[in-house]
Each structure stands twice: as C-alpha cells, then as structure tokens.
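These are the residues of each chain, in order.
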Amino acid sequence: MSRSIPGSELSPAPLSPAPSAALEASGARECLQCSVRHLSVCSALSCDEVQALEQITTSMPVPMGATLARTGEPRTHVYTVTEGALRLVRTLADGRRQVNGFVLPGDYLGLSGSDHHRYDIEAIAESRVCRVPTTQMRDLRQRHPHLERKLLQRACQELDAAQDNALALARLQPPERLADFLLRLSVREATLLGRTSNRVSLPMGRGDIADHLGLTMETVSRTFTKLRQQGLIALPHLNVVEILDFAGLQKLASDGL
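From a predicted model like this one, the values you see are computed outputs, not experimental measurements. (Residues numbered from 1 in each chain as written. Predicted model: local features only at pLDDT ≥ 70, side-chain atom pairs only at ≥ 80, totals over all residues. Heavy atoms only, no water.)

Enquirer: Run through the pattern of salt bridges, naming residues and quoting values.
Expert: Inspection of the entire model under this criterion finds seven salt bridges. The closest approach of N and O atoms between aspartate 208 and arginine 87, which form a salt bridge, is 2.7 Å. In this pair, aspartate 208 sits in helix H7 (residues 206–213) while arginine 87 sits in strand E4 (residues 86–91), placing the two residues 121 residues apart along the sequence. For the pair shown, aspartate 208 and arginine 87 are each scored as buried. (Salt bridge = Lys/Arg side-chain N within 4 Å of Asp/Glu carboxyl O. Helix = DSSP H or I, 4+ residues; strand = E, 2+ residues; numbered from the N terminus. Buried < 20%, exposed > 50% of the residue type's maximum accessible area, 1.4 Å probe, protein only.)

Structure follows, in structure tokens:
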C-alpha cells in the first residue's frame, strides 16, 4: 500500500497521560458530551454504562510526532481517538515504510486478534485519545453484549474498507486513487460534522498520502494539480481540499472499477 518516506520524519515525543481522577470526578458527563461519541463504539452504551467505562478510562494527549505504540510491543491498551489524527505505519524489510491507514476522531484502536501491535501508531497532528486497559475492556464487553456487537460492526466496516482500498490499489490509476481517497475522507468528515460539506481536511502530508495510495509524492502532487485544473477540486490551503464537482469526482473514482 505504500512506498518509502524518510525514516527521520517522526521523532517520538514523550506521552504524558492526564490524571484519570479528574475524569472520574466528572461522572459520565465528559463522555456523554464528547463531540465524537456518535462515531465511537461508546455510542452503544447507556448513561450508566458510559459512567462505568469512564471510570477505567484515561484521557491523554498525543503530541504531534509522538509514537503511541510500536510494532511488536504487547497490546496492553485500546484507544478511541477524540482529537487529531494518527497513522498506522509498518517498516518493511528493505527499510521502506507502509502507511496502512489513518486513524481519525471517533476511530477505535484495538480490533486485533494479535496480542502485539502490528503497526507503529504515530500522531500526525496534535491529538488526544481515550485509553482503556485491554483486560478491563474485555470485562466490559462481556458484561455488555451490545458493546460487543458494536465492536463487531466496527470490525466488519474496517474489513470492508480494507477490501475497497485493496481493490483501488490494484485497479485504479493515480487520479482515480486520489479521487477515491478524497471522497472517502469527505464522507467521514460529513459524518463527524453531521452535515455535508465540500471542504475536506487533510491532516496527513502529501508523503503520507503517497505511501497510503502506493504512489510517489511527486505523482500525488501532480495529480492534485491535475484535479484542480479539471475543475474537480480547489486547493485553498495545503491541508484543505474543496470538492467543486462531487459527481465528476465520483465518476473519476469509479472509472477503473
């Protein structure tokens, strides 16, 4: 899914968890008022159940450039992203880096059959996560079957997305891949905001997009320019895309499928 990016791009910064006592003192209020709760697995829980979850949850910042977990480390916690953005990275045997995906607000990190992390989890923006020990999350899932069903639903969605991405990498040309990527981000942003918007935020850099789509950074940059020249998008800012022609972008994304 990726090509090489400089190995020195990310220098880990220390993580400093916020005290969990402050969370516990607020009862379930903070979780219930969380702006991404409707996107997260927590939405399956009642108020009382949210309070039980919050008592075992630590809200912690993940500074930009920090590594939340490394490949091969024991998987001791699960996470829900509440702010910012992270990337899942695997270093190949020849030193190249593969960006498997991006983790955005509302996403849950912990759906794995492995006892060890399969990717480096790196912050590409100032981020915040809710952290829960895996053992306590397992107990909570056993006590609340509807949470287990929500996690299963999330796992199925991630499997569908992985299959769609594999098909895109196998069949689509660079403009089609980038169009598909932008449309998927647009749907995600609309779900987060609760309304349709033609503006798409890009917390990831051009190199990250290239490594995710199996392209070079130069190809990604040229393709952005091509889509702009075709009147499909505008680029008001390096990290913002405006979709000017949804139908045209959707047609382009589906041409190779």
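Enquirer: Before we move on, can you summarise the layout of surface pockets with the specific residues and values?
Expert: Considered as a void within the structure, the largest pocket measures approximately 1,600 Å³ in volume. As for the largest pocket, its lining consists of 41 residues, of which Phe102, Asp107, Gln157, Glu158 and Ala161 are closest to the centre. Among the secondary structure elements, those contributing two or more residues to the lining of the largest pocket are strand E3 (77–83), strand E5 (97–103), strand E6 (108–109), helix H5 (145–171) and helix H6 (174–193). Of the residues assigned to the lining of the largest pocket, the class counts are 20 nonpolar, twelve polar and nine charged. (1 Å grid on protein atoms, 1.4 Å probe; cavity = no way out; pocket = protein on both sides within 12 Å on 5 of 7 lines; lining within 4 Å. Points joined across faces, edges and corners; volume = space filled by probe spheres on them. Nonpolar A, V, L, I, M, F, W, Y, C, P; charged D, E, K, R; others polar.)

Enquirer: Give me the nonpolar core: which residues, what numbers.
Expert: Of all hydrophobic cores here, the largest spans 29 residues; its most connected members are Phe181, Leu182, Leu202, Phe224 and Leu249. Contributions of two or more residues to this core are made by E5, H6, H7, helix H8 (217–229), strand E11 (240–243) and helix H9 (246–254). Broken down by element, the residue count for this core peaks at six residues, all from H6. Non-local contacts of leucine 182, meaning those with residues more than four positions away in its chain, are made with Val200, Leu202, Phe224, Leu227, Ile233, Val241, Ile243 and Leu249. (Core = buried A, V, L, I, M, F, W, Y, C linked by side-chain atoms within 4.5 Å. Contact = heavy atoms within 4.5 Å.)

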